[in-house]
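Fold and geometry: a report
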Amino acid sequence: MPDPEIRSPLPIARSLDAGSARSERRLLRVQAISGSIFLLFTLVHLANTGIAALGVEAYSDYQHAARRFYQHPLGELGLMAAPLVVHAGAAIARLRRSGLRGRNRRLRSRLHRLSGYFLLVVIGGHVAATRGPSLLAGVDVGFGAISYTFLWMPYWFYPYYTALALAGLYHGLNGALVAASVFGLRVPQALRGGPAFWLAWAGAAGAVVIGLLAFGGALYAVPDPRANDYARFMIELTGGR
Ligand code: HEM
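In this text the structure is predicted, and so the values were computed from the model without any measurement.

Notes on the overall build of the protein
Assigned secondary structure in the protein consists of nine helices and zero strands. Reading the protein from its N terminus to its C terminus gives the helix and strand order α-α-α-α-α-α-α-α-α. Residues classed as buried in the protein amount to 41% of the 241 residues present.

Written as structure tokens, this is what we have:
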């Protein structure tokens, strides 16, 4: 029987004094709830990237439909921004109090922390670069925006978006299992320690990476990456090509 990788982190709180253990448990629950809500947005969002493999129109149709939910003021605040800030805040509070003391050292837990640190570092810049232009200047951040970034700085943006997708999927899928155990739900053994988790992650990651290739024109001919509002906005802002 494979060694279970996913265990509820609640028992770790027992190594702390009574007050700290209570607040650790509370923070874990807050993290599990906020992370589960933000995961809904992440899955919808990464599915959009994967759908780019089916064509520019499929990507844009899906994006316009999904924006009705994630750019609606209530959706953007309640299902995206607030859960993201609360989730990151709870992670920082837990780190500041106990650092890595007593934390699970298994591979899946280590990767969960590493992907979390990576996302924590890049997420502010990602949101500013993608949502900022539309909020500040009414610029549409559509298919052409990603095509333009790949043309502008391919050596930076291909690895960056690939890492963002792999880390987001890993942290989200593994996090959902940790959250399930925090809520006291039974996680099937195949997902806790068996290959099913890795198959699910690799399948989803593969689909998103294939979608990324589409923006650069590797799957079909794409519209001129410089002929869109986002490209014009960035060229003016950075003096780039
Ligand atoms: C394949 C990798 C990714 C690509 C190509 C990508 C691309 C984009 C684009 C184009 C937008 C603008 C969306 C719009 O205007 O409709 C956006 C927004 C955003 N992305 Fe990503 N993204 C990726 C991964 C991620 C991941 C992994 C996360 C979270 C962990 C994330 C979080 C966000 C957030 C919070 C917004 C702002 C949403 C809003 O308020 O409109 N992205 N991204």
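So, a nonpolar patch on the surface
Together, Ile33, Phe183 and Leu185 make up a nonpolar patch on the protein surface, roughly 290 Å² of accessible area in all. Residue placement: isoleucine 33 occurs in helix 1 (residues 18-51). Of the residues examined, isoleucine 33 reaches a relative accessible area of 45% and is grouped as partly exposed.

A word on the coordination of the iron atom of the ligand
Distances from the iron atom of the ligand to its protein donors, His45 (NE2) and His126 (NE2), fall within 2.0 Å. Classification of the site at the iron atom of the ligand as octahedral follows from its six donor atoms and the range of 86 to 179 degrees in their angles at the metal. Residue histidine 45 is located in helix 1, and its partner histidine 126 is located in helix 4 (residues 107-137); the two are separated by 81 residues in the primary sequence. With relative accessibility at 12%, the residue histidine 126 sits in the buried group.

Quick notes on the nonpolar core
Within the largest apolar cluster, 23 residues are counted, with the highest numbers of intra-cluster contacts made by Phe150, Tyr161, Phe215 and Tyr230. Of all the secondary-structure elements, those providing two or more residues to this core are helix 4, helix 5 (143-152), helix 6 (154-182), helix 8 (195-215) and helix 9 (229-238). With six residues, the top contributor of residues to this core is helix 5. Beyond its immediate sequence surroundings of up to four residues, tyrosine 161 is in contact with His126, Thr130, Ile146, Thr149, Phe150 and Leu212. Residues Leu46, Leu169, Tyr170 and Leu177 belong to the second largest nonpolar core, which totals eleven residues.

Thoughts on the site of the ligand
In the vicinity of the ligand, 24 residues are found, and the nearest of them are His45, Arg67, Tyr70, Glu76 and His126. Those elements that place two or more of their residues in the shell around the ligand are helix 1, helix 2 (56-70), helix 3 (73-98), helix 4, helix 6 and helix 8.

A few points about the environment of alanine 90
Inspection of the secondary structure puts alanine 90 in helix 3. Those residues in contact with alanine 90 that lie beyond four places of it in its chain are Leu27, Val30 and Gln31.

Remarks on the packing of aromatic side chains
The tally for this structure, following the rule as stated, stands at 21 aromatic pairs. Between phenylalanine 69 and tyrosine 70, the aromatic rings sit 6.5 Å apart at their centres with planes inclined by 85 degrees, giving edge-to-face as the arrangement. Ring pairs connect the aromatic residues Tyr59, Phe143, Tyr148, Phe150, Trp152, Trp156, Phe157, Tyr158, Tyr160, Tyr161 and Phe215, which therefore count as one cluster. For arginine 108, the ring lying beneath its charged end belongs to phenylalanine 197, and the centroid distance is 3.8 Å.

Some remarks on the packing of helix 3 against helix 4
It is at 11 Å that the axes of helix 3 and helix 4 come closest, and there the two elements cross at 150 degrees. Classified by the angle their axes make, helix 3 and helix 4 are roughly antiparallel. In this structure, helix 3 meets helix 4 at a crossing whose hand is left-handed. Across from Glu76, Leu84, Ala88, Ile92 and Leu95 in helix 3, the residues of helix 4 making contact are Tyr117, Leu120, Ile123 and Arg131. Partitioning the contact of helix 3 with helix 4 into residue classes produces seven nonpolar, no polar and two charged.

Topic: a positive patch on the surface
On the surface, a cluster of positive charge is made up of Arg22, Arg25, Arg26 and Arg29. Relative to the helices and strands, arginine 22 resides in helix 1.

Comments concerning helix 9
Along an α-helix, a turn takes 3.6 residues, which lines up residues three or four apart on a common side. Looking only at helix 9, the buried set comprises Tyr230, Ala231 and Met234. Relative to the axis of helix 9, the buried residues are bounded by an arc of 95 degrees and lie together on one face. Of the surrounding secondary structure, the elements contacted by the buried residues of helix 9 are helix 4 and helix 5. Taking the backbone nitrogen of tyrosine 230 as reference, a side-chain oxygen 3.1 Å away marks asparagine 228 as the first, capping residue of helix 9. Glycine 239 lies just past helix 9 and shows a positive phi near 70 degrees.

About the thresholds
Residues numbered from 1 in each chain as written. Predicted model: local features only at pLDDT ≥ 70, side-chain atom pairs only at ≥ 80, totals over all residues. Heavy atoms only, no water. Helix = DSSP H or I, 4+ residues; strand = E, 2+ residues; numbered from the N terminus. Buried < 20%, exposed > 50% of the residue type's maximum accessible area, 1.4 Å probe, protein only. Patch = residues over 30% accessible without salt bridge, like charges linked within 9 Å, V, L, I, M, F, W, Y side chains within 5 Å. Areas by Shrake-Rupley, 256 points an atom, 1.4 Å probe, with all protein chains shown as cover. Salt bridge = Lys/Arg side-chain N within 4 Å of Asp/Glu carboxyl O. Donors = N, O, S within 2.8 Å, 3.2 Å for Na, K, Ca; no water. Tetrahedral: all angles 85-135°; square planar, octahedral: opposite > 155°, others 65-115°. Core = buried A, V, L, I, M, F, W, Y, C linked by side-chain atoms within 4.5 Å. Contact = heavy atoms within 4.5 Å. Near = heavy atom within 4 Å. Phe/Tyr/Trp six-rings, centres within 6.5 Å; stacked < 30°, edge-to-face > 60°. Lys NZ or Arg CZ within 6 Å of the ring centre and 35° of its normal. Axes fitted to C-alpha atoms, helices over the stretch in contact; angles between N-to-C directions. Parallel < 35°, antiparallel > 145°, perpendicular 65-115°, else oblique. Left-handed = near helix turned anticlockwise from the far one by under 90°. Nonpolar A, V, L, I, M, F, W, Y, C, P; charged D, E, K, R; others polar. Lys, Arg positive; Asp, Glu negative; His and termini not counted. Charge placed at Lys NZ, Arg CZ, Asp CG, Glu CD. Arc of directions from axis to C-beta. Polar contact = N/O pair within 3.5 Å; in protein donor to acceptor, adjacent residues only side chain to side chain.

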